[in-house]
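Listed below, chain by chain, are the residues.
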Amino acid sequence: MKKLKKVLGILGIAVLAIAVLWGTGTIPKGIGRYTATKYVEENYTEMDLEFENIEFSTAYGDYIASFVDKDNKVYNFRLFSGQLPFSVVYDSIKESIV
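Residues numbered from 1 in each chain as written. Predicted model: local features only at pLDDT ≥ 70, side-chain atom pairs only at ≥ 80, totals over all residues. Heavy atoms only, no water.

Digging into the side chain of Asp69
Okay, step 1: Within the fold, Asp69 resides in the loop between strand E2 (62–68) and strand E3 (74–80).
Okay, step 2: Notably, Asp69 is buried but unbridged: the nearest opposite-charge side chain belongs to Lys73, and the N-O separation is 6.4 Å.
Okay, step 3: A distance of 2.8 Å separates a polar atom in the side chain of Asp69 from the backbone nitrogen of Lys73.
Okay, step 4: For Asp69, the residues in contact, after removing those within four places along its chain, are Met47, Asp48, Leu49 and Tyr75. (Helix = DSSP H or I, 4+ residues; strand = E, 2+ residues; numbered from the N terminus. Buried < 20%, exposed > 50% of the residue type's maximum accessible area, 1.4 Å probe, protein only. Lys, Arg positive; Asp, Glu negative; His and termini not counted. Salt bridge = Lys/Arg side-chain N within 4 Å of Asp/Glu carboxyl O. Polar contact = N/O pair within 3.5 Å; in protein donor to acceptor, adjacent residues only side chain to side chain. Contact = heavy atoms within 4.5 Å.)

Here it is as structure tokens:
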């Protein structure tokens, strides 16, 4: 019985930690950064873009990931699904929906 209580306590702490990290945007931003970085690596390796920032856009309800090139020009990529940014839906280099 003590082992069960200990396991449930650890599980409860883990769930609470995930909820806090999700609520503060840490987990969605991490997922979004990974998604946008992979997209840029697959489509624009020759441009040598570097990740700059990711922010939640209340106007779109999605995350916007920004990358900068060697001339300090900024390119933005909008990621679908605000709470789970798993795909790029707008590409500012192509200036179109993906």
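Observations concerning the pairing of strand E1 (residues 50–57)
Okay, step 1: Pairing of E1 with E2 involves seven bridges; the strand directions are antiparallel. Among the inter-strand pairings, Ile54 is bridged to a residue of E2, identified as Ala65.
Okay, step 2: Linkage of E1 to E2, two consecutive antiparallel strands, is achieved through a turn of four residues, within which Gly61 is found at a positive phi near 75°. (Pairing = 2+ DSSP bridges.)

What about the environment of Asn43?
Okay, step 1: You can see Asn43 is positioned in helix H2 (residues 26–43).
Okay, step 2: Taking the relative accessible area as the measure of exposure, Asn43 reaches 32% and is therefore partly exposed.
Okay, step 3: A C-alpha to C-alpha distance of 27 Å links Asn43 and Thr58, two positions 15 residues apart in sequence.
Okay, step 4: At 2.8 Å, the side chain of Asn43 and the backbone oxygen of Tyr39 are in polar contact.

Focus on unusual backbone geometry
Okay, step 1: If you check the backbone angles, Asp48 has positive phi at about 50° while not being a glycine.
Okay, step 2: Looking at the element boundaries, Asp48 is found in the loop between H2 and E1.
Okay, step 3: Of note, the phi angle at Asn72 is positive, near 65°, even though the residue is not glycine.
Okay, step 4: Structurally, Asn72 is set in the loop between E2 and E3.

Remarks on helix H1 (residues 2–23)
Okay, step 1: An ideal rise of 1.5 Å per residue puts 32 Å on 22 residues; H1 measures up with 31 Å between its terminal C-alpha atoms.
Okay, step 2: Just downstream of H1, Gly25 is the residue with a positive phi angle, here 90°. (Expected span 1.5 Å × (residues − 1).)

A closer look at the pattern of salt bridges
Okay, step 1: By the definition in use, this model includes two salt bridges.
Okay, step 2: The partner of Lys38 in a salt bridge is Glu41, and the shortest N-O contact between them spans 3.5 Å. With Lys38 and Glu41 both in helix H2 and three residues apart, the pair spans about one turn of that helix.
Okay, step 3: Residue classification places Glu41 among the partly exposed residues on the basis of a relative accessible area of 42%.
Okay, step 4: Between Asp62 and Arg78 there is a salt bridge whose closest N-O contact spans 3.4 Å. One end of the pair, Asp62, is in strand E2; the other, Arg78, is in strand E3, with 16 residues separating them in the sequence.

Description of the pairing of strand E4 (residues 87–91)
Okay, step 1: One ladder, built from four bridges, connects E3 with E4; its direction is antiparallel. By the bridge assignment, Phe80 is partnered in E4 with Ser87.
Okay, step 2: As defined by bridge partners, E4 adjoins strand E5 (residues 96–97) across two bridges and the pair is classed as antiparallel. Bridge pairing in E5 links Tyr90 to Ile97.
Okay, step 3: Taking the residues that link successive antiparallel strands as the turn, the E4-E5 hairpin has four residues, and the phi of Glu95 there is positive, at about 55°.

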